[in-house]
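Commentary on secondary and tertiary structure
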Amino acid sequence: MSVFGSKNHGISKEAFLIFCLIAAGYFYAGLQRISAASVLPHLALDYGFSAALVGFLSSLFYYSYGFLQNVWGAINDRIGPMRACSIGLAIAGLGSLIMLAEHTPFVIALSRVICGLGVGAMFTGVYLYAALMFPARQYPFWAGCIMMTGNLGSVAAVAPLGYVMDKVGYNGLYSILAVLAFLLAAPLWFFRNRIQHGDDAPDGEKAPLVEPAALYDDLKLGVKLLLSYRPLFVIVTVWAVLSAAMHTLQGLWGVSWISVSCGITLAEARYHATFISIGLVLGSPIGVTLRFLSRNGKTSLFCIVSAICAAWFLFIAGSYVHLSSRTMGLLGFFIGAATGAGMVFCSSTIRSLADIKHTGLVMGTGNTLIYLLVIIFQWGSGLVINHFPSGTPGSYLNEGYIISFALTTSIIVFTLTLITTVKTFNRKEHGDEREQQA
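These numbers come from a predicted model, not from an experiment.

The number of helices and strands found in the protein chain is 16 helices and zero strands. Here the protein chain holds 438 residues, and 60% of them are scored as buried. For the protein chain, the proportion of contacts with a sequence separation of at least 24, taken over those separated by at least 6, is 85%. Of the roughly 16700 Å² of accessible surface on the protein chain, 67% is carried by carbon and sulfur atoms.

This is the structure in structure tokens:
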């Protein structure tokens, strides 16, 4: 029975099972995305990579992952999330296998690019699937579940992934990652035709192929939708800055920074850095609750971002005075919790502001902006940190991390001024404005 576009908003067991499969793929995407925090610091010490090179290699994942988000959004709209996510996971599996060749910068870079290309399908895929399958009034709840799933992947990517790497080595780790990708891709491909869209589903789902000309038009439309509607532009910008800052800490420098600041080993630092990801998981339901309770969204979002700024200031100050690793882990937890709430709040608000037929495209375009900023933040932070070398190749002074993330925090503070330029993030109150812009 079809549940897409059904009038009674029924949810079949099969539809929920497919959601769980795509969500598992999003968990895997989080695992791949944050894996650099565990793998690259060790590679830097083993092979003497500079901080600038580490930042560049990590950022390459986001070139393909981020710049193709609107492409994947259009593809998901046209061929459906099950097909798109299955293909993406298979590509990510191939990217993981490339790491088995050798551990030179070129091979690492190629693997990061291909893995980013593959798991890029998962973000718009899982959010679009939830938007199509579940009632709109429930979307903040499902968005919170999705965010928690991805953040659980981030948790697994630090201490647990580092533990596996210590036991089986680089090649063993990437062999496991490849197998996981293929195991998730297979059932999604099997189920690709089991559920059909109803009459009010996006017409693109019925298109068997993605034509380049139509895809280009979709990309232009995504940018136009984002730029022409101020509430949507502001919420996406805030979402992008919060996400980029978190990816730079959690996904790249968090382990190294805590290690240097607290004077502990990378293995010990991985444990304490994991609390950043745990905070992201636990902050997600807070964001869901605040979105449900918020009337116009503006006040709640301003308060959330203010709390995020305060958490960043405390973390930087703690590093400056060399607080204990346990305390730094706790402060990292607060950054994660506040940011997790903010990211879920923003993503669910985007869903309420975007038309259903363009949900995948708008989410994908917004995610492209996120990872454009991730690239800038990660590469830029590496360039700053690179100016503060220590006596050990591949290791850097605490001052470099403090200066780099002080700059990051100042950008988050700037987003507070953007929020004040919007009257409300309530879709109904902007109804007339949306019609005029359309």
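Continuing now.
With respect to the helices and strands, the residue Ser 38 is situated in helix H2 (residues 36-47). Here Ser 38 is in contact with Ala 157, Val 158, Gly 162, Met 165 and Arg 270, once residues within four sequence places are set aside.

Tallying each qualifying case throughout the model produces one salt bridge. The residue Asp 166 makes a salt bridge to Arg 270 at a minimum N-O spacing of 2.6 Å. Taken as a pair, Asp 166 in helix H8 (residues 159-190) and Arg 270 in helix H11 (residues 266-293) lie far apart in primary sequence, 104 residues in all. The partly exposed category is assigned to Asp 166, whose relative accessible area is 46%.

Applying the stated criterion across every chain, the model contains 15 aromatic pairs. What links up through ring pairs into an aromatic cluster is the set Trp 253, Trp 257, Trp 312, Phe 315, Tyr 401 and Phe 405.

A contiguous nonpolar patch, built from Leu 94, Leu 97, Leu 100 and Phe 182 and spanning about 320 Å² of accessible area, is present on the exposed surface. Counting through the fold element by element, Leu 100 comes out in the loop between helix H5 (81-98) and helix H6 (105-133).

Before going further, it helps to examine the side chain of His 247. Here His 247 shows up in helix H10 (residues 230-262). We classify His 247 as buried; its relative accessible area is 4%. The contact partners of His 247, leaving out residues within four places of it in the chain, are Arg 33, Ile 34, Tyr 62, Leu 252, Tyr 371, Val 374 and Gln 378.

Here we come to unusual backbone geometry. In this structure, His 322 is a non-glycine residue whose phi angle is positive, near 60°. Checked against the element boundaries, His 322 lands in the loop between helix H12 (298-320) and helix H13 (325-353).

At their nearest, the axes of H10 and helix H15 (residues 398-419) sit 10 Å apart, and the two run at 165° to each other. In terms of orientation, H10 lies roughly antiparallel with respect to H15. As for the relative orientation of H10 and H15, their crossing is left-handed in sense. Per-class residue counts for the contact of H10 with H15 are 16 nonpolar, seven polar and no charged.

An ideal rise of 1.5 Å per residue puts 46 Å on 32 residues; H8 reaches only 33 Å between its terminal C-alpha atoms. The largest bend in H8 comes to about 120°, at Gly 169.

A separate point is the environment of Val 241. Structurally, the position occupied by Val 241 is in helix H10. Counting along the chain gives 170 residues from Val 241 to Ile 411, while the straight-line C-alpha distance between them is 7.5 Å. Contact partners of Val 241, with chain neighbours within four places excluded, come to Leu 373, Phe 377, Ile 411, Ile 412 and Thr 415.

Right, let's talk about the nonpolar core for a bit. Of all hydrophobic cores here, the largest spans 125 residues; its most connected members are Ile 22, Tyr 127, Leu 232, Ile 235, Leu 301, Val 305 and Ile 412. With 19 residues, the single largest contributor to this core is H10. Those residues in contact with Ile 235, other than ones at most four positions away along the chain, are Leu 301, Cys 346, Thr 349, Ile 350, Leu 353 and Phe 425. Membership of the second largest hydrophobic core comes to six residues, among which are Ile 75, Ile 79, Ala 84 and Ala 121.

Within the fold, Ile 419 resides in helix H15. Along the sequence, Ile 419 and Thr 237 sit 182 residues apart, while their C-alpha atoms lie 9.7 Å from each other. In this structure, Ile 419 is in contact with Val 234, Val 238, Lys 298, Leu 301, Phe 302, Val 305 and Phe 425, ignoring residues within four places of it in sequence.

The contact between H5 and H8 brings their axes to 8 Å, and the two run at 160°. By the criterion of interaxial angle, the relationship of H5 to H8 is roughly antiparallel. Viewed along their axes, H5 and H8 form a crossing whose handedness is left-handed. In this structure, H5 contributes Met 82, Arg 83, Cys 85, Ser 86, Ile 87, Leu 89, Ala 90, Ala 92, Gly 93, Leu 94, Ser 96 and Leu 97 to the contact, and H8 contributes Tyr 174, Leu 177, Ala 178, Ala 181, Phe 182, Leu 184, Ala 185, Leu 188 and Trp 189. Its residues assigned to classes, the contact of H5 with H8 comprises 17 nonpolar, three polar and one charged.

Take the environment of Phe 49 next. Structurally, the position occupied by Phe 49 is in the loop between H2 and helix H3 (51-67). When its relative accessible area of 6% is taken as the criterion, Phe 49 is described as buried. In sequence terms Phe 49 and Pro 393 are 344 residues apart; their C-alpha atoms lie 7.5 Å from each other.

Conventions adopted
Residues numbered from 1 in each chain as written. Predicted model: local features only at pLDDT ≥ 70, side-chain atom pairs only at ≥ 80, totals over all residues. Heavy atoms only, no water. Helix = DSSP H or I, 4+ residues; strand = E, 2+ residues; numbered from the N terminus. Buried < 20%, exposed > 50% of the residue type's maximum accessible area, 1.4 Å probe, protein only. Contact = heavy atoms within 4.5 Å. Areas by Shrake-Rupley, 256 points an atom, 1.4 Å probe, with all protein chains shown as cover. Salt bridge = Lys/Arg side-chain N within 4 Å of Asp/Glu carboxyl O. Phe/Tyr/Trp six-rings, centres within 6.5 Å; stacked < 30°, edge-to-face > 60°. Patch = residues over 30% accessible without salt bridge, like charges linked within 9 Å, V, L, I, M, F, W, Y side chains within 5 Å. Axes fitted to C-alpha atoms, helices over the stretch in contact; angles between N-to-C directions. Parallel < 35°, antiparallel > 145°, perpendicular 65-115°, else oblique. Left-handed = near helix turned anticlockwise from the far one by under 90°. Nonpolar A, V, L, I, M, F, W, Y, C, P; charged D, E, K, R; others polar. Expected span 1.5 Å × (residues − 1). Bend = angle between axes of the 7 residues up to and from the residue. Core = buried A, V, L, I, M, F, W, Y, C linked by side-chain atoms within 4.5 Å.

Keep in mind these values describe shape, not function.
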